[in-house]
Amino acid sequence: MLIRFNVKNFLSFSEREDGKSEEFSMIAGKVRNKKAHVYDNEKIKLLKFAAVYGANAAGKSNLVKALDYMRRIVLYGLPKGHTDMYCKIDDANKEKESYFELEIMLGEKYYAYGFEVILNQSKFVSEWLIELTSDNREKLIFSRDINKGIFEFGDTLQEKGLIDKLKVYAEDIQEDDSILLLSTMNKNKRNLYQQYTSVAIFQDIYMWINKNLDINYPNRPISDYSYMAKTENVEEVCRIISAFGTGITGFKMVDVSPEKVLGNIPKQIRDDLISDIETKTAEMKNEKKLEEFGIVMRSARDFFILSVDQDENVKCKTIKFSHGKENVLFNISEESDGTIRILDLLEVLLSGEGKTYVIDELDRCLHPSLTYKFVDTFLQLAAKKNLQLIVTTHESRLLDFDLLRRDEIWFVNKRKSGESDIYSLEEYNARFDQKIDKAYLEGRYGGVPVFSTVFPIEEEV
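How each quantity is defined
- Residues numbered from 1 in each chain as written.
- Predicted model: local features only at pLDDT ≥ 70, side-chain atom pairs only at ≥ 80, totals over all residues.
- Heavy atoms only, no water.
- Helix = DSSP H or I, 4+ residues; strand = E, 2+ residues; numbered from the N terminus.
- Rg over C-alpha atoms; globule rule 2.2 N^0.38 Å.
- Buried < 20%, exposed > 50% of the residue type's maximum accessible area, 1.4 Å probe, protein only.
- Contact = heavy atoms within 4.5 Å.
- Areas by Shrake-Rupley, 256 points an atom, 1.4 Å probe, with all protein chains shown as cover.
- Lys, Arg positive; Asp, Glu negative; His and termini not counted.
- Charge placed at Lys NZ, Arg CZ, Asp CG, Glu CD.
- Phe/Tyr/Trp six-rings, centres within 6.5 Å; stacked < 30°, edge-to-face > 60°.
- Lys NZ or Arg CZ within 6 Å of the ring centre and 35° of its normal.
- Pairing = 2+ DSSP bridges.
- Axes fitted to C-alpha atoms, helices over the stretch in contact; angles between N-to-C directions.
- Parallel < 35°, antiparallel > 145°, perpendicular 65-115°, else oblique.
- Left-handed = near helix turned anticlockwise from the far one by under 90°.
- Polar contact = N/O pair within 3.5 Å; in protein donor to acceptor, adjacent residues only side chain to side chain.
- pLDDT = per-residue confidence, 0-100.
- 1 Å grid on protein atoms, 1.4 Å probe; cavity = no way out; pocket = protein on both sides within 12 Å on 5 of 7 lines; lining within 4 Å.
- Points joined across faces, edges and corners; volume = space filled by probe spheres on them.
- Nonpolar A, V, L, I, M, F, W, Y, C, P; charged D, E, K, R; others polar.
- Expected span 1.5 Å × (residues − 1).
- Arc of directions from axis to C-beta.

Break down the overall build of the protein chain for me, citing the residues and quoting the values.
A tally of regular secondary structure across the protein chain gives 12 helices and 20 strands. Taking 23 Å as the expected radius of gyration for a compact globule of 461 residues, we find that the protein chain reaches 25 Å, a close match to that expectation. Oriented by its inertia axes, the alpha-carbon framework of the protein chain measures out at about 80 × 65 × 55 Å. Looking at the 461 residues of the protein chain, the share that counts as buried comes to 50%. Nonlocal contacts in the protein chain, meaning residues at least 24 apart in sequence, comprise 63% of its contacts between residues at least 6 apart. Of the roughly 23900 Å² that the protein chain leaves accessible, carbon and sulfur atoms contribute 46%. A gap of 2 Å separates the mean positions of the 65 positive and 77 negative side-chain charges of the protein chain.

Okay, structure coming up:
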């Protein structure tokens, strides 16, 4: 689960007045009600939901982008265009380090992983991984001062044989300041992890960032609908879909012609896809798992699953929905944008343990009452799961103390200088009988647009 995220010198986030990074936290505050909204193991209390508010261009989406940027750097390296992503509000930021740090809970342990990078120079400056103990002490796993060429490994990695290998890996990237150690430790190291269990923390951190941190933007599909394709409880899925007022009463997987589907795909993509199918088929056949093979294809308004049968014939299926009469089926492309949005969001409700979902513009295409019902439903389900959902939104109906705790509400506000600040409603100590949505829209907590006159009216002479 996510504990905290810190960022500095990225897009509209520069630094706080004290020089520290901007901080977003899922640590529960002093609120005593709605304890089911909180994960509590008697050592730490973590929120399972957070809503981030702010005016257009205040920086809400930049918070999501910062999380995603850190994730992409760890998984794939510095992305294209990174040299221009520092906070341009101050020219001096071009030569300054950008700071990214995640604090996460894995099992019953807590870790901080982060790095500093001068984006304009494509140069990492430092990198660290630390275990945070319950008595507020820090236990070093590794640290890296790239400018000085210094690596330091903690006591847990001093095992004979292991430390020598780690020093070799460190030396291999010593002269390359564009590579992270965490990324390097997750490339072709299977034998190392099999031989030394103490080094598994590198893999665990990397896999949490890769698999458990699920970041979604409004112009991209959230789900690949695998919950429909694989679920054994179709009735439960139908019940949830129906409860959101979509009019859908059922769905089924139906066969479609692979040639028809593949024929609509650009040639280069089609050739790559066919190559992937052939490669994957050979692998699964060797492992005698061909029946488990399937490639999911998802666009904004289409969904297909390509599979291979025992005779190596390509099969294709899609989802169709019924509205009332079971014998009348509709393609997903015939459903409304709001219905498709709900079908995407069901992925979150049906998710297993341990995931942290981040959704930019949750309320996109949704009626305000539907957005409220979705959040309410999530909070009911999350009471029984270790699951987190962080959203950006403009939907003021969620600013309701009957629904949310004070510490679950965050704001992003843009200073006059153009820099973004992040802060929680917890800082305001709002009364529980206060109309929080009205106060927000009146600008009491910041994060709302400030208008000037659009069409000036000339005074009559």
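Report on the packing of aromatic side chains, specifying residues and quantitative values.
Across all of its chains, the model carries 13 aromatic pairs by this definition. Ring plane angle 45 degrees and centroid distance 6.3 Å describe the contact between Tyr 53 and Phe 411, whose orientation is recorded as tilted. Here Phe 411 lies in strand β19 (residues 409–414) and Tyr 53 lies in strand β5 (residues 49–53), a separation of 358 residues in the sequence. In this structure, Tyr 53 and Phe 411 share a single accessibility class: buried. Taken together, the aromatic side chains of Phe 10, Tyr 69, Phe 100, Tyr 113, Phe 115 and Phe 124 make up a single cluster linked through ring pairs. Against the face of Phe 244 rests Lys 373, its NZ or CZ located 5.8 Å from the ring centre.

Go over the environment of Leu 129, please, and point to the residues and values.
Looking at where Leu 129 falls in the secondary structure, it is placed in strand β8 (residues 123–132). In this structure the C-alpha to C-alpha distance between Leu 129 and Gly 29, which are 100 residues apart in sequence, comes to 26 Å. Residues within four places of Leu 129 in sequence aside, it is in contact with Tyr 111, Ala 112, Tyr 113, Leu 140, Ile 141, Phe 142, Ile 201 and Ile 205.

Explain the sheet that holds β8 to me, and be specific about the residues and the numbers.
The strand order β2-β1-β6-β7-β8-β9-β10 describes an open sheet built from seven strands, whose pairing is antiparallel. One side of each edge strand has no neighbouring strand; the edge strands of this open sheet are β2 (22–25) and β10 (150–153). Averaged over all pairs of adjacent strands, the angle between their axes in this sheet comes to 10 degrees, without regard to strand direction. Two strands pair when backbone bridges link them, and strand β7 (residues 109–118) and β8 are joined in this way by nine bridges, in the antiparallel orientation. Pairing of Tyr 111 across the sheet is with Glu 131, part of β8. Where helix α5 (residues 200–212) meets the sheet, it contacts β1 (2–8), β6 (98–106), β7, β8 and β9 (138–145), and its direction lies at approximately 105 degrees from that of β6.

I'd like to hear about the packing of helix α10 (residues 337–349) against helix α11 (residues 368–382), residue by residue, with values.
Packing of α10 against α11 leaves a shortest axis separation of 10 Å and a crossing angle of 20 degrees. Judged on the interaxial angle alone, α11 and α10 are roughly parallel. Both α10 and α11 take part in a crossing whose hand is right-handed. Here Ile 342, Leu 345, Val 348 and Leu 349 of α10 come into contact with α11, specifically with Leu 370, Phe 374, Thr 377, Phe 378 and Leu 381.

Describe in detail the side chain of Ser 98, supporting the description with residues and values.
On the secondary structure map, Ser 98 appears in strand β6. Classification of Ser 98 as buried rests on a relative accessible area of 0%. Of note is the side chain of Ser 98, whose polar atom sits 2.5 Å from the backbone oxygen of Asn 9.

So what about the sheet that holds strand β20 (residues 420–424)? Which residues, and what values?
Across the sheet, six strands lie side by side as β11-β17-β18-β5-β19-β20; this open sheet has mixed pairing. With partners counted over all chains shown, the strands left at the sheet margins are β11 (213–216) and β20, one partner each. For this sheet the average axis-to-axis angle between neighbouring strands, irrespective of direction, equals 15 degrees. Bridge count for β5 against strand β18 (residues 388–392) is four bridges, and the pairing is parallel. Each residue of the ladder has a partner; that of Ala 51, found in β18, is Val 391. Sheet strands touched by α10: β17 (356–359) and β18. Its angle to β17, the strand with the most contacts, is close to 155 degrees.

So what about the confidence of the model for the protein chain? Which residues, and what values?
Across the protein chain, the average pLDDT comes to 86, with 90% of residues at 70 or higher. Ranking the elements of the protein chain by mean pLDDT puts helix α12 (residues 436–441) last with 61 and β18 first with 97.

Any chance you could break down the layout of surface pockets for me, citing the residues and the numbers?
Taken as a whole, the largest pocket holds about 570 Å³ of empty space. If you go around the largest pocket, you meet 20 residues; those closest to its centre are Asp 214, Ile 222, Ser 223, Asp 224 and Lys 355. Every element with two or more residues in the lining of the largest pocket is listed here: α1 (60–76), α5, β11 and α6 (226–230). A per-element tally of the lining of the largest pocket places β11 first, with four residues. Among the residues forming the lining of the largest pocket, the class breakdown is six nonpolar, four polar and 10 charged.

For helix α9 (residues 267–286), give the residues involved together with the corresponding values.
The end-to-end C-alpha separation of α9 is 29 Å, in line with the 28 Å expected for 20 residues at 1.5 Å each. Residues of α9 that are buried include every one of Leu 273, Ile 277, Thr 281 and Met 284, and no others. Buried residues of α9 fall within an arc of 75 degrees about the axis and therefore sit on the same side. In α9, the exposed residues that point more than 90 degrees away from the buried face are Lys 267, Gln 268, Glu 278 and Asn 286. For α9, the elements touching its buried residues are α8 (258–263), β13 (295–298) and β14 (303–308).

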